[in-house]
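Geometric and topological summary
Letter by letter, the chains look like this.
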Amino acid sequence: MMKEKTFWADTEFFGLLGFPVRKSLSPAMHNANFRALGMNAVYTPYEVTEETVGNVIPALETLRFKGLNVTMPLKQKIIDYLDELDDTASLCNAVNTVYWKDGRLCGSNTDGVGFVRGLKEQGQYDPAGKSCLIFGAGGAARGVAFALAAAGVGSISLWKRNSGDEKLKKLATGLNAYRSGVCKVQSSDTDDIPGLINSSELIINATPLGMAPNTDATPFDTNLLGTGHMVCDLVYVPHDTLLLRQAEKRGARILYGYWMTIWQGVEAYRKWTGREPDVEVMTKTILEHLAKKE
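Below or above, wherever it landed, is the structure these notes cover. (Residues numbered from 1 in each chain as written. Predicted model: local features only at pLDDT ≥ 70, side-chain atom pairs only at ≥ 80, totals over all residues. Heavy atoms only, no water.)

Further remarks concern the environment of Asp216. Assignment of secondary structure puts Asp216 in the loop between strand S10 (202–205) and strand S11 (230–233). Taking the C-alpha atoms as reference, Asp216 lies 39 Å from Pro58; in sequence the two are 158 residues apart. (Helix = DSSP H or I, 4+ residues; strand = E, 2+ residues; numbered from the N terminus.)

What follows deals with the nonpolar core. Membership of the largest hydrophobic core comes to 47 residues, with the highest contact counts inside it found for Phe115, Ile134, Leu148, Ile156, Leu175 and Ile204. Among the elements that make up this core, the one with the highest residue count is helix H5 (residues 139–150) (eight residues). What Ile204 contacts, discounting residues up to four positions off in sequence, is Phe115, Cys132, Leu133, Ile134, Phe135, Val144, Leu148, Cys232 and Leu234. Core analysis: the next-biggest nonpolar cluster, separate from the first, contains 16 residues, Val48, Val70, Ile79 and Val95 among them. (Core = buried A, V, L, I, M, F, W, Y, C linked by side-chain atoms within 4.5 Å. Buried < 20%, exposed > 50% of the residue type's maximum accessible area, 1.4 Å probe, protein only. Contact = heavy atoms within 4.5 Å.)

On to the side chain of Thr110. With respect to the element layout, Thr110 can be found in the loop between strand S6 (104–108) and helix H4 (111–121). Given a relative accessible area of 2%, Thr110 falls into the buried group. Within the structure, the side chain of Thr110 is placed 3.4 Å from the side chain of Thr97, a separation counted as a polar contact. In terms of polar contacts, Thr110 uses its side chain to reach the backbone carbonyl oxygen of Gln264, at 3.0 Å. For Thr110, the contacting residues outside a window of four places in its chain are Asn96, Thr97, Gln264, Glu267 and Ala268. (Polar contact = N/O pair within 3.5 Å; in protein donor to acceptor, adjacent residues only side chain to side chain.)

On to the packing of aromatic side chains. Within this structure, the stated rule accounts for eleven aromatic pairs. Ring plane angle 50° and centroid distance 5.8 Å describe the contact between Phe135 and Trp159, whose orientation is recorded as tilted. Of the two residues, Phe135 is situated in strand S7 (residues 131–135) and Trp159 in strand S8 (residues 155–159); the sequence distance between them amounts to 24 residues. The class for Phe135 is buried, based on a relative accessible area of 1%. Ring plane angle 15° and centroid distance 5.5 Å describe the contact between Tyr256 and Tyr258, whose orientation is recorded as stacked. (Phe/Tyr/Trp six-rings, centres within 6.5 Å; stacked < 30°, edge-to-face > 60°.)

Positionally, Ile78 belongs in the loop between strand S3 (65–70) and strand S4 (84–85). Ile78 sits in the buried class, given a relative accessible area of 0%. Linking Ile78 and Ile57, residues 21 residues apart in sequence, is a C-alpha distance of 9.0 Å. Excluding its chain neighbours within four sequence positions, the residues that come into contact with Ile78 are Val53, Ile57, Val70, Val95 and Val98.

On to the state of the cysteines. Under the definition given, this model contains zero disulfides. No disulfide involves Cys132; its sulfur sits 8.0 Å from the nearest other cysteine sulfur, which is in Cys232. On the accessibility criterion, Cys232 (1% relative accessible area) is buried. (Disulfide = S-S within 2.5 Å.)

In this fold, Ser26 is placed in helix H1 (residues 26–36). Using a relative accessible area of 5% as the deciding quantity, one classes Ser26 as buried. Those residues in contact with Ser26, other than ones at most four positions away along the chain, are Tyr43, Tyr236, Thr261 and Gln264.

Read across the open sheet, the six strands follow the order S9-S8-S7-S10-S11-S12; overall the sheet is parallel. Edge positions in the sheet fall to strand S9 (183–187) and strand S12 (253–255), since each of these pairs with one other strand and no more. Adjacent strand axes in the sheet meet at a mean angle of 15° when their direction is disregarded. Judged from the five bridges that link them, S7 and S8 form a sheet pairing that is parallel. (Pairing = 2+ DSSP bridges. Axes fitted to C-alpha atoms, helices over the stretch in contact; angles between N-to-C directions.)

So, in structure tokens, the structure goes:
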């Protein structure tokens, strides 16, 4: 009997937009999930900038894409091209997941819920009532900050290198509008870092510092860390960033960035399809690929 052919016209397309994206493990993770579920689908990365994204979106609609992930530097820029945002994306004004619903292009943010789930389940750490310090104010930082506020974190301090960037002020203002007084400090002064770290329990790097190929960078002096800290890095290539290695040597608890990648991917798949993914396969794929990079 002749084997039934699979035609490209029947294939469902998904993808990742951002720059750079060549080192992303999302394609491996999602394609492994598609295979495990027997889906005729493919997930591919596309290097897209803020200048070119406006040309890309209409083409993707024409090609009948079913869903997208969005990474830096497009998590806020992409909003200009969407028809609607869900409550989470509206709240943090950042999108990492795009899907089509009833002919409308919709945006969501699964970063924050993915981070908090990884923090609680794999990190065995409940952020409720804790003092938190976030380095960065981009799309990932926004998603994580609002999710932590919703999870009952005691306070959030923000630090960003560029004092002239309005992102820091906007994030602080948005957080305090969501939960009055939750954002205690916003700073771009390096002299403030020791005091901020000393007064914080949960510390998160939401900047690209430490990402391959620039693996010798950390967002602050890690000698400031100690046993009372939980340190999380959203960078996951490499997974054992210099920040996390040095934090662990100082006695701090750590959480690898790939857990947010896995759990946000789980939530993204649900948005795209309305179905449940194979979480075990997604996790196994990420860990196997990270092991090959060591």
